[in-house]
Amino acid sequence: MTTTRTRANAAPKSVPLGPVAPALDDPLKDASGAPSPPAGPYDAAVAAGEELRRRPYEASGVLPTLRQHAKGRMTVWERIDVLKDAGSEPTVFYQNWGKNLDGASLVTAVVRIGGRDVALYGHDFTVRAGSMDATNGRKLANLIYLAGSRGMPLIGMNDSAGAYVPAGIGGLDGYAEAFTALRKISGIVPSVMCMFGYNAGGGSYLPRQGSFMIQPADTFFGLTGPGVIKSVLGEDVTPDDLGGPKVHGASGVVDLTVADEVGALRTAERLLSYLPNSNAVAPPVEKTSDPIDRATTEIDVMLRKAFNSPTGFNTPVDVSIIIERICDHGDYFELQPDRARNAITAFGRLNGNVVGFVANNSAVASGQIDVDAAFKIARFVRFCSLYNTPVVFIEDTTGFLPGKDQESRGIVQAGRAMLDAIIDLRTPRILLILRNAFGGAYAAFNSYATGADIVLALPTTRVAVMGPAGKEYVYKTELKQARDAASKRKQAGEDEAAIAEWLKAQEGELNQRYERELMNPREALSLGSISEIVMPADLRRVLGQNLEFLLRHYVPGPMTGVQREFH
């Protein structure tokens, strides 16, 4: 059916109007109002397509979902709902793969989190216990490669019984393909892995290839489960004692332990806010209302109370309090808080810029660097170097921890790992010496000689080749004379208690002299090993201003230098 249209000022009908204007009516509309024709092949194909499209969302069914809830666990779709931005919907990739469209045991998608595109995978434990076969191994690898090529962070929600046994070697091939993909994007995009439920074998190896791991309470992952340990070794062990968060948190296998699944997802979301999309860009900057010149008077008060106490400069100081007062609004994010707390590694912000903090914590084991602390520092520094994150080092340590146990565990190798990471660090880097900086620990802990951009020191700084024991070498003659005199007085029959008190006073005087002459920032400042003395109340301002200067002259980008043999 066609119609003609006329304008309001149309010419008389006797004047030709040219070609007939096309109709605006829907040409597919049945004007007669007759019923639609019977369904045909097209309608059947559409219905089948809709069923296939919905299958990943409905794969589990009601009863398996209820069983998951009875265990105190969410389904994979509920976990996605917790993570994604309100009002956004995930883009699900590779909706179902497999002989019988059984690939729904693994969900792969891109979601919006904090306004950013994030690649995400999650095992659906309600379908074949979230197990892996060859097809969904390829499916996962494709998502991982997509994240790497498009510069998207990756979040993994791991809840899998491992390889699907009936699939035979296909399950192992699937894991191997996913292993390879995740290793290939390591150092290109950051990844955060959440552990849910009970994971064994490949379900443990795969997520540990990620940048960070988060484990809630009442979950397990490990090489093998308690049943295998019982049958092979005859040992009775609970899942929690074998592979629970208290085990992995202490060993450093996981970076963060939390109370429950929602805590894991929210923690992953918060951690992601400190991470860049990829190694080609800087971490996200957030505007702050906290003035960069805010005085850190609380640090001054704390140090005055500590160092004016009876124990003086030997008083422990919790460095996390100092980090808190430096950061914007006191907000910082500590990693591996359950392991090696003689060293603190954390993300924070200074004037909106993400900063990595690496600090000796004298409140635990005098801040000495042991095997665990060295590896903890090395891994964190290497991550910051890969992902364009500046690092502020806060030094307060008497050195590396000596002893048979540390040597047998490889303190030399661990110390080298830390030193190598610091030497290789390519991002802006500042050293703040809080108090003690002795011997090899000073030399290895981001000094100018190992590549620091700026070295700052508090007036309480004590830089020396050795701590108080160094007086034995510096004042060797004076000490020998005092001890010889004490020995002669004993031989002369004088009171031994009085002699001991006199000798203690002589050694104490030499201790004070050693601190006045050598254990202070004066010599380091005169040699240029320290660039500036900073007052405690000015720490935030000075660190922030120096960081702004360094970032103005830093261009984010992937690492291009030689990759060293050890890491």
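Not measured: the values here are computed from a predicted model. (Residues numbered from 1 in each chain as written. Predicted model: local features only at pLDDT ≥ 70, side-chain atom pairs only at ≥ 80, totals over all residues. Heavy atoms only, no water.)

**Regarding the confidence of the model for the protein chain**
Averaged over all residues, the pLDDT of the protein chain equals 89, while 92% of them reach at least 70. Overall, residues 1-15 carries pLDDT values under 50, and its contacts beyond four positions in sequence, including any with other chains, amount to eight contacts. (pLDDT = per-residue confidence, 0-100. Contact = heavy atoms within 4.5 Å.)

**Here we look at the pattern of salt bridges**
Summed over the entire model, instances satisfying the criterion amount to 29 salt bridges. Between Asp-290 and Arg-540 there is a salt bridge whose closest N-O contact spans 3.8 Å. A residue pair is termed long-range when its members are at least 10 positions apart, and Asp-290 in the loop between helix 10 (261-272) and helix 11 (297-307) and Arg-540 in helix 21 (residues 539-552) qualify at 250 residues. Per residue, the accessibility class of Asp-290 equals that of Arg-540, and both read buried. Overlapping salt bridges, with partners in common, bring together Asp-290, Arg-294, Asp-328 and Arg-540 in one network. (Salt bridge = Lys/Arg side-chain N within 4 Å of Asp/Glu carboxyl O. Helix = DSSP H or I, 4+ residues; strand = E, 2+ residues; numbered from the N terminus. Buried < 20%, exposed > 50% of the residue type's maximum accessible area, 1.4 Å probe, protein only.)

**As for the sheet that holds strand 4 (residues 154-158)**
Taken in spatial order, the seven strands make up an open sheet running 1-2-3-4-5-7-9, and their pairing is mixed. Every other strand in the sheet has two partners, leaving strand 1 (91-93) and strand 9 (256-258) as the edge strands with one partner each. Across the sheet, the mean angle from the axis of one strand to that of its neighbour is 20°, orientation sign disregarded. Across eight bridges, strand 2 (residues 106-113) lies against strand 3 (residues 116-123) in antiparallel orientation. Within the sheet, the bridge partner assigned to Ile-113 lies in strand 3 and is Arg-116. (Pairing = 2+ DSSP bridges. Axes fitted to C-alpha atoms, helices over the stretch in contact; angles between N-to-C directions.)

**Section: the packing of aromatic side chains**
Under the counting rule described, the total for this entry stands at 12 aromatic pairs. The interplanar angle of 25° and the centroid separation of 5.7 Å between the aromatic rings of Tyr-175 and Phe-179 together place this pair among those described as stacked. Highlighted residues: Tyr-175 and Phe-179, both in helix 5 (residues 169-185), separated by four residues, approximately one helical turn. When the centroid spacing of 6.2 Å and the interplanar angle of 65° are considered together, the rings of Phe-347 and Phe-383 count as edge-to-face. One end of the pair, Phe-347, is in strand 11 (residues 343-350); the other, Phe-383, is in helix 13 (residues 371-386), and 36 residues separate them in sequence. On the basis of relative accessibility, which here comes to 8%, the residue Phe-383 falls in the buried class. One aromatic cluster in this structure is built from Phe-212, Tyr-274, Phe-333, Phe-347, Phe-380, Phe-383 and Tyr-387. Taking the ring centre of Phe-125 as reference, the NZ or CZ of Arg-73 above it sits at 5.6 Å. (Phe/Tyr/Trp six-rings, centres within 6.5 Å; stacked < 30°, edge-to-face > 60°. Lys NZ or Arg CZ within 6 Å of the ring centre and 35° of its normal.)

**Quick look at the side chain of Thr-108**
As for its position among the elements, Thr-108 is in strand 2. On the accessibility criterion, Thr-108 (0% relative accessible area) is buried. At a separation of 2.6 Å, a polar atom in the side chain of Thr-108 contacts the main-chain carbonyl oxygen of Phe-93. The contacts of Thr-108, once residues within four sequence positions are left out, are Thr-91, Val-92, Phe-93, Tyr-94, Leu-120, Tyr-121, Lys-139, Leu-140 and Leu-143. (Polar contact = N/O pair within 3.5 Å; in protein donor to acceptor, adjacent residues only side chain to side chain.)

**Concerning the packing of helix 13 against helix 15 (residues 411-424)**
Contact pair helix 13 / helix 15: the axes reach a minimum separation of 8 Å and the direction vectors enclose 20°. One element, helix 13, and the other, helix 15, form an angle in the roughly parallel class. In the packing of helix 13 onto helix 15, the handedness of the crossing is left-handed. Here Val-371, Ala-374, Phe-375, Ile-377, Ala-378, Val-381, Arg-382 and Ser-385 of helix 13 come into contact with helix 15, specifically with Ile-411, Ala-414, Gly-415, Ala-417, Met-418, Asp-420, Ala-421, Ile-422 and Asp-424. (Parallel < 35°, antiparallel > 145°, perpendicular 65-115°, else oblique. Left-handed = near helix turned anticlockwise from the far one by under 90°.)

**Comments concerning the pairing of strand 7 (residues 212-216)**
Of all five residues in strand 7, five are buried, a share of seventy percent or more. Here strand 7 shows a buried face lined by Phe-212, Ile-214 and Pro-216 and a second buried face lined by Met-213 and Gln-215. Pairing analysis gives three bridges linking strand 5 (residues 191-195) to strand 7, with the strands arranged parallel. Within strand 7, the position partnered with Met-193 by the bridge is Met-213.

**Focus on the environment of Arg-304**
With respect to the element layout, Arg-304 can be found in helix 11. Note on Arg-304: relative accessible area 45%, which makes it partly exposed. In sequence terms Arg-304 and Thr-460 are 156 residues apart; their C-alpha atoms lie 10.0 Å from each other.

**Some remarks on the pairing of strand 12 (residues 353-360)**
Of all eight residues in strand 12, eight are buried; the element is thus mostly enclosed. Here strand 12 shows no split at all, with Asn-353, Val-355, Phe-357 and Ala-359 on one side and Val-354, Gly-356, Val-358 and Asn-360 on the other all buried. Pairing geometry for strand 11 and strand 12, over eight bridges, is antiparallel. Residue pairing in the sheet places Ile-344 in a bridge with Ala-359 of strand 12.

**Thoughts on the environment of Gly-312**
One can find Gly-312 in the loop between helix 11 and helix 12 (319-326). Along the backbone, Gly-312 and Asn-436 are 124 residues apart, and their C-alpha atoms lie at a distance of 13 Å. Every residue in contact with Gly-312, bar those within four places of it in the chain, is listed here: Ala-306 and Phe-307.

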